[in-house]
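# Observations on the three-dimensional arrangement
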Amino acid sequence: MDERARSLLKTLVERYIADGQPVGSRTLSRASGLELSAATIRNVMADLEEMGLIASPHTSAGRVPTPRGYRVFVDTMLTARPIDLQHAPPDIAGVREQLHPDQPQRVIAQAAQLLSNLSQFVGVVTTPKRASMFHHIEFLRLGEKRVLVILVSTDGDVQNRVIFTQRDYTQAELAEATALLNNHYAGLAIDEVRQRLRTEIDSLRDEIALLMKAAVQPGNDVLGDDTGQVVVSGERNLLGVQDFGNDLGSLRKMFNLFEQKTELMRLLENSSRAEGVRIYIGGESGVVPYEELSVVSAPYEVDGRIVGTLGVIGPTRMAYDRMIQLVDITSRLVGNALSTPKG
């Protein structure tokens, strides 16, 4: 894409985000400031459409960005980046005063509401995951290739899971595995147990190694952190979004997403593995496959450890620069409010 096409695409996306109306060649000519004829602009728009970056609605001669067009805009043309609190717009900087660290659950609820109010879309925040500490584990034979795993954390939480093994184990072999795990890993965080097993498992006898791998693989969820919950605020804001107003089918799908929360949790879990602000446009996430939605999210840390994710969910036509700033600052302020005061 040459500079002329890039400039026209950038102008088209900015105009459509601001006005919500398909952008015609005459509007594009005025807004871009380029000395181009209407015919030249139409030719460039035809090229952009062929590249899948813009599309023409049936009811208008103008063009609108596609999810792919928004992606090019966000990745290569957006100048907004996370900013210092001192340089934040007053309404975003005011988030700090509205988060009260005395009650962690209240901080999460307030953050979701603030994200919703300031974006005018949907605010989502996952509650902090507890770092479960491994205290004691026990393997009990239930029958052929079936083993009951009992895990006790240091805070007294007990989890029971049945796992299916590749071979049958005697109770003596299960007792050996129990003793080995308890002697070597008691008192460690669950994540650390899992990491150490990955590196140390080669030194164990094959049959014991297979049993331990079966116990710690994420699908069994025996040695798993508390995954927390997701707090959602402002779903009704989508009713006022021009892009969804007349599309009851899309609205119904989105409200199901917020009500069920399972897909939402998976999306936010994925986001927690990224550094800084992450943007999903349309169905990019593969988890929330709605072409009409974008998600701007960021992980937040408590005492130096990533424990949750927060973000804004709205139409693909959103002011991405403002959403990046809002999500970034809120994630830092939530982390600060929930962390142990220093000094």
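Computed from a predicted model, the values in this text were never measured in an experiment.

Cut-offs applied
- Residues numbered from 1 in each chain as written.
- Predicted model: local features only at pLDDT ≥ 70, side-chain atom pairs only at ≥ 80, totals over all residues.
- Heavy atoms only, no water.
- Helix = DSSP H or I, 4+ residues; strand = E, 2+ residues; numbered from the N terminus.
- Contact = heavy atoms within 4.5 Å.
- pLDDT = per-residue confidence, 0-100.
- Buried < 20%, exposed > 50% of the residue type's maximum accessible area, 1.4 Å probe, protein only.
- Arc of directions from axis to C-beta.
- Salt bridge = Lys/Arg side-chain N within 4 Å of Asp/Glu carboxyl O.
- 1 Å grid on protein atoms, 1.4 Å probe; cavity = no way out; pocket = protein on both sides within 12 Å on 5 of 7 lines; lining within 4 Å.
- Points joined across faces, edges and corners; volume = space filled by probe spheres on them.
- Nonpolar A, V, L, I, M, F, W, Y, C, P; charged D, E, K, R; others polar.
- Pairing = 2+ DSSP bridges.
- Axes fitted to C-alpha atoms, helices over the stretch in contact; angles between N-to-C directions.
- Patch = residues over 30% accessible without salt bridge, like charges linked within 9 Å, V, L, I, M, F, W, Y side chains within 5 Å.
- Areas by Shrake-Rupley, 256 points an atom, 1.4 Å probe, with all protein chains shown as cover.

On to the overall build of the protein chain. Each helix and strand in the protein chain was counted, giving 13 helices and 10 strands. Considering only contacts in the protein chain between residues 6 or more positions apart, those separated by 24 or more positions represent 60%.

Regions with low pLDDT should not have their predicted coordinates read in detail. The predicted model of the protein chain averages 82 in pLDDT, with 81% of residues at 70 or higher. For residues 218-222, every residue scores under 50 in pLDDT, and the model assigns this stretch 12 contacts once sequence neighbours within four places are set aside.

Moving on, we come to helix α2 (residues 25-32). Turning to α2, its buried residues number three or more, namely S25, L28 and S32. Projected down its long axis, α2 carries its buried residues within an arc of 60°, all on one side. Across from the buried face of α2, at angles greater than 90 degrees, the exposed residues are R26 and R30. On its buried face, α2 is in contact with α1 (3-19) and α3 (38-50).

The tally for this structure, following the rule as stated, stands at 9 salt bridges. Here D75 and R71 are joined by a salt bridge, their closest N and O atoms 2.8 Å apart. In this pair, D75 and R71 both sit in helix α4 (residues 67-76), 4 residues apart, roughly one turn of the helix. Residue D75 is classed as partly exposed on the basis of its relative accessible area of 49%. A residue is classified by how much of its surface remains accessible, and R71, at 18% relative accessible area, is buried. The salt bridge partner of D168 is R141, with a shortest N-O separation of 2.7 Å. In this pair, D168 is assigned in the loop between β6 (158-164) and α8 (171-185) and R141 in strand β4 (residues 134-143), connecting sequence segments 27 residues apart. When its relative accessible area of 29% is taken as the criterion, D168 is described as partly exposed. Residue R141 is classed as partly exposed on the basis of its relative accessible area of 37%. Because the salt bridges share partners, they merge into one network encompassing R71, D75 and E284.

Turning our attention to empty space enclosed by the protein. Counting across every chain of the model gives 1 cavity of 30 Å³ or more. Within this model, the largest cavity holds a volume of roughly 30 Å³. In this structure, the largest cavity is lined by T126, K129, E269, S272, I306, V307, G308 and T309. Here the lining of the largest cavity gets 4 residues from one element, more than from any other, and that element is strand β10 (residues 305-315). Looking at side-chain class alone, the lining of the largest cavity contains 2 nonpolar, 4 polar and 2 charged residues.

Within the open sheet, the 5 strands sit side by side as β7-β3-β10-β9-β8. Their pairing is antiparallel. In this open sheet, the two edge strands, each paired with only one partner strand, are β7 (230-233) and β8 (278-281). Between one strand and the next, the sheet's axes are offset by a mean angle of 20°, whatever the strand orientation. Direction of pairing for strand β3 (residues 122-126) relative to β10: antiparallel, over a ladder of 4 bridges. When the sheet's bridge partners are listed, V125 is paired in β10 with L310. In the packing of helix α7 (residues 104-119) onto the sheet, contacts are made with β3, β7, β9 (293-302) and β10, and the angle to β3 comes to roughly 155°. Taken strand by strand, helix α13 (residues 320-338) contacts β8, β9 and β10, and its axis lies near 25° from that of β9.

In space, the 3 strands of this open sheet follow the order β4-β5-β6, with antiparallel pairing throughout. Both outer strands of the open sheet, β4 and β6, are each paired with one neighbouring strand and no more. For this sheet, the mean angle separating the axes of adjacent strands, direction not counted, is 20°. Sheet topology note: the β4/strand β5 (residues 146-153) ladder contains 8 bridges and is antiparallel.

Moving on: unusual backbone geometry. Positive phi outside glycine occurs at K145, with the angle close to 60°. Residues other than glycine seldom take positive phi values, yet D303 does so here, at roughly 50°. Relative to the assigned elements, D303 resides in the loop between β9 and β10. A residue is classified by how much of its surface remains accessible, and D303, at 48% relative accessible area, is partly exposed.

Another aspect to go through is a nonpolar patch on the surface. On the surface, a nonpolar cluster with roughly 300 Å² of combined accessible area is contributed by L142, V162 and F164. Inspection of the secondary structure assignment puts V162 in strand β6. Since its relative accessible area comes to 38%, V162 is described here as partly exposed.

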